[in-house]
Amino acid sequence: MYTEKEFKTRWQELHHPTMNVDGDVAFYYGVYRQFHDIAKESANNMNEDCLLQLVMFVEDAASVSFDSFYEMRYRSVGKMAFYWYDKLGVDLKGTNLLYNTITKAVADAPESSLEQWIKECVLSGEFQRLKDVSMFYAVQDKTIGMLYPNLKYRKAAFLELADGDKEKAKEMLESYLAFNWRDKDGGTLLSRLAECFDIMKDGKEVAANLRTVHPLPLDSYLPLEMKDNGRTVTIMKKDNTVLDVIFPTIVSKKKVDEMFFVGQLVSYLGKTYVSGPVVWLDASEFDLWDSGIFWDSIYEDEEESSRHEYFTTAYGKKYTRHQDLYGEFETDGNGFYTDEPNIFDFLDWLTQEKSHSKQ
């Protein structure tokens with residue numbers, strides 16, 4: 001079991017470096033200790049990382065409730081709490097104890113440091129702080145990570161684009177996921193986050209800011225003119241649209257005069273920003289670089305790969321990830337899948353199993 005000091009260190013590592021966890025870390029350490037005591041008595045696989053992810057689950061449910069949308073919409077995810085129960089290999093008694101502990105912890109949780117951090121970042125109006133939030137969910141959130149298609153095709157494509165620079169390719173991919181990845185209903189991470197804050201007390205302004213975010217897909221752009229000492233550059237898109245974009249670092253005059261770049265743009269609060277690293281190429285090749293060619297084979301490979309990846313639901317039914325990622329399942333009016341009992345039926349089943357085990 002972690003000491004409180006060790007837990008705080010790990011808890012901070014699971015969150016963004018700019019987030020101050022002091023406000024509620026003691027509460028979540030208490031939750032962790034309860035989980036640890038239960039798992040110690042009932043788990044076949046005593047795994048500290050799984051316990052920490054269960055605590056992260058409590059934090060989300062008690063504050064932003066960001067993952068709940070995806071739990072309902074994606075069958076391969078289901079209720080993430082049960083996913084971590086399974087990873088721990090807890091018995092029926094342990095499952096019930098963990099479930100009850102989670103329910104109470106969510107109800108008793110103090111004001112959320114995570115929620116406050118998101119509010120501060122978004123209301124600052126600063127693009128980099130907005131990106132901190134989107135990157136936190138894109139990279140750190142385990143639920144979101146389960147929804148991505150097989151990323152090896154995007155990793156290979158970005159690595160080739162970055163001419164073998166692994167760090168640049170990684171940053172470009174993560175920036176893409178943070179702003180451009182869309183779920184099967186077309187929502188981005190930040191558009192879903194806006195929905196969460198829209199129904200929260202004092203969340204309307206945060207939601208309004210988030211709704212001004214509009215990502216542009218990875219594409220090629222031709223610089224025309226430097227402004228603000230190289231931080232702002234007037235560029236032209238392939239359709240001859242001209243706009244000003246703000247770079248994270250100063251751009252040299254030589255690049256503006258002789259090159260074009262391939263990168264990702266994001267508009268936020270009326271301004272357009274370059275998100276992540278870009279790749280600079282000779283201006284003579286501007287008309288040759290085609291984003292459609294870049295993406296088409298990736299999408300085809302990802303879809304084909306998903307046809308050969310499988311998951312099994314809590315009720316033992318096996319499906320391909322293609323069925324889940326590409327929206328082939330039917331749901332009823334409450335969002336539950338029509339060919340399986342819903343989560344409430346599952347909890348009733350657990351109760352019945354508990355009763356039978358006592359007989």
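Bear in mind that the values here come from a model prediction, so they are computed numbers and not experimental data.

Cut-off values and rules
- Residues numbered from 1 in each chain as written.
- Predicted model: local features only at pLDDT ≥ 70, side-chain atom pairs only at ≥ 80, totals over all residues.
- Heavy atoms only, no water.
- Helix = DSSP H or I, 4+ residues; strand = E, 2+ residues; numbered from the N terminus.
- Rg over C-alpha atoms; globule rule 2.2 N^0.38 Å.
- Buried < 20%, exposed > 50% of the residue type's maximum accessible area, 1.4 Å probe, protein only.
- Contact = heavy atoms within 4.5 Å.
- Areas by Shrake-Rupley, 256 points an atom, 1.4 Å probe, with all protein chains shown as cover.
- Lys, Arg positive; Asp, Glu negative; His and termini not counted.
- Charge placed at Lys NZ, Arg CZ, Asp CG, Glu CD.
- Pairing = 2+ DSSP bridges.
- Patch = residues over 30% accessible without salt bridge, like charges linked within 9 Å, V, L, I, M, F, W, Y side chains within 5 Å.
- Salt bridge = Lys/Arg side-chain N within 4 Å of Asp/Glu carboxyl O.
- Expected span 1.5 Å × (residues − 1).
- Polar contact = N/O pair within 3.5 Å; in protein donor to acceptor, adjacent residues only side chain to side chain.
- Phe/Tyr/Trp six-rings, centres within 6.5 Å; stacked < 30°, edge-to-face > 60°.
- Lys NZ or Arg CZ within 6 Å of the ring centre and 35° of its normal.

A. Focus on the overall build of the protein chain. Counting secondary structure elements, the protein chain contains 17 helices and eight strands. Radius of gyration (C-alpha) of the protein chain: 23 Å, near the 21 Å computed for a compact globule of 359 residues. Each principal axis of the C-alpha distribution contributes one length, and for the protein chain these read about 80 × 45 × 40 Å. Taking all 359 residues of the protein chain together, 50% fall into the buried category. Long-range pairs, those at least 24 residues apart, make up 64% of the contacts in the protein chain between residues at least 6 apart in sequence. Looking at the protein chain as shown, the accessible area adds up to about 17,800 Å², and 49% of this sits on carbon and sulfur atoms. Taken together, the 41 basic and 61 acidic charged side chains of the protein chain have centroids lying 2 Å from each other.

B. Layout of the pairing of strand 2 (residues 219-227). In this sheet, strand 5 (residues 259-268) lies alongside strand 2 in antiparallel orientation, the contact comprising three bridges. Within strand 5, the position partnered with Y221 by the bridge is F261. Sheet analysis places strand 2 next to strand 3 (residues 232-236), joined by five bridges and oriented antiparallel. Pairing of K227 across the sheet is with T232, part of strand 3. Between the antiparallel neighbours strand 2 and strand 3 lie four residues, among them D228 with a positive phi of about 50°.

C. Inspection of a negative patch on the surface at higher detail. Residues D163, D165, E167 and E171 make up a contiguous surface patch of negative charge. Topologically, D163 is positioned in the loop between helix 10 (152-161) and helix 11 (166-179). The class for D163 is exposed, based on a relative accessible area of 73%.

D. Here's a closer look at helix 2 (residues 25-42). Taking 1.5 Å of rise per residue, the 18 residues of helix 2 would be expected to cover 26 Å, and the 25 Å separating its terminal C-alpha atoms lies within 8% of that figure. Taken residue by residue, helix 2 has V25, Y28, Y29, V31, Y32, F35, H36, I38, A39 and S42 as its buried positions. Buried residues along helix 2 sit in contact with helix 1 (4-13), helix 3 (48-62) and helix 6 (92-108).

E. Representation of the side chain of K131 within the structure. On the secondary structure map, K131 appears in helix 8 (residues 127-140). Despite its burial, K131 remains without a salt bridge, the nearest opposite charge being carried by E171 at 6.7 Å. Polar side-chain contacts of K131 include one of 3.4 Å to the side chain of S275. When neighbours within four sequence positions are excluded, K131 is seen to be in contact with S175, F179, S275 and G276.

F. Molecular detail of the side chain of H15. Turning to its location among the elements, H15 is positioned in the loop between helix 1 and helix 2. Once you skip the residues sitting within four places of it in the chain, H15 turns out to touch V21, M56, E59, F136 and Q140.

G. Here's a closer look at the environment of T212. The residue T212 is located in the loop between helix 13 (204-210) and strand 1 (214-215) in this model. Taking the C-alpha atoms as reference points, T212 and Y268, 56 residues apart in sequence, are found 5.4 Å from one another. The residues contacting T212, other than those within four sequence positions of it, are S267, Y268 and L269. At 3.1 Å, the side chain of T212 forms a polar contact with the backbone nitrogen of L269.

H. Examining the pattern of salt bridges more closely. With the rule as written, the count across this model stands at 20 salt bridges. As a salt-bridge pair, R10 and E13 come within 2.9 Å of each other at their nearest N and O atoms. Here R10 pairs with E13, and both are found in helix 1, just three residues apart, close to one helical turn. Taking the relative accessible area as the measure of exposure, R10 reaches 21% and is therefore partly exposed. Judged by relative accessible area, which is 47%, E13 ranks as partly exposed. E304 is the partner of R307 in a salt bridge, and the nearest nitrogen-oxygen pair spans 3.7 Å. What makes E304 partly exposed here is its relative accessible area of 40%. Through salt bridges with shared partners, a single network forms among R10, E13 and D49.

I. Layout of the packing of aromatic side chains. Applying the stated criterion across every chain, the model contains 34 aromatic pairs. Taken together through their ring pairs, the aromatic side chains of F66, F69, Y70, Y74, W117, F136, Y137, Y148 and W181 make up a single cluster. Sitting above the plane of the F329 ring, R75 keeps its charged end 4.5 Å from the centroid. Between the NZ or CZ atom of K184 and the centre of the ring of Y74, over which it lies, the distance is 4.5 Å.

J. Structural context of unusual backbone geometry. Not every positive phi belongs to a glycine, and S65 is a case in point at roughly 55°. Mapped onto the elements, S65 comes out in the loop between helix 3 and helix 4 (68-73). Classification of S65 as partly exposed rests on a relative accessible area of 29%. With a phi close to 55°, L269 is a non-glycine residue in the positive phi region.

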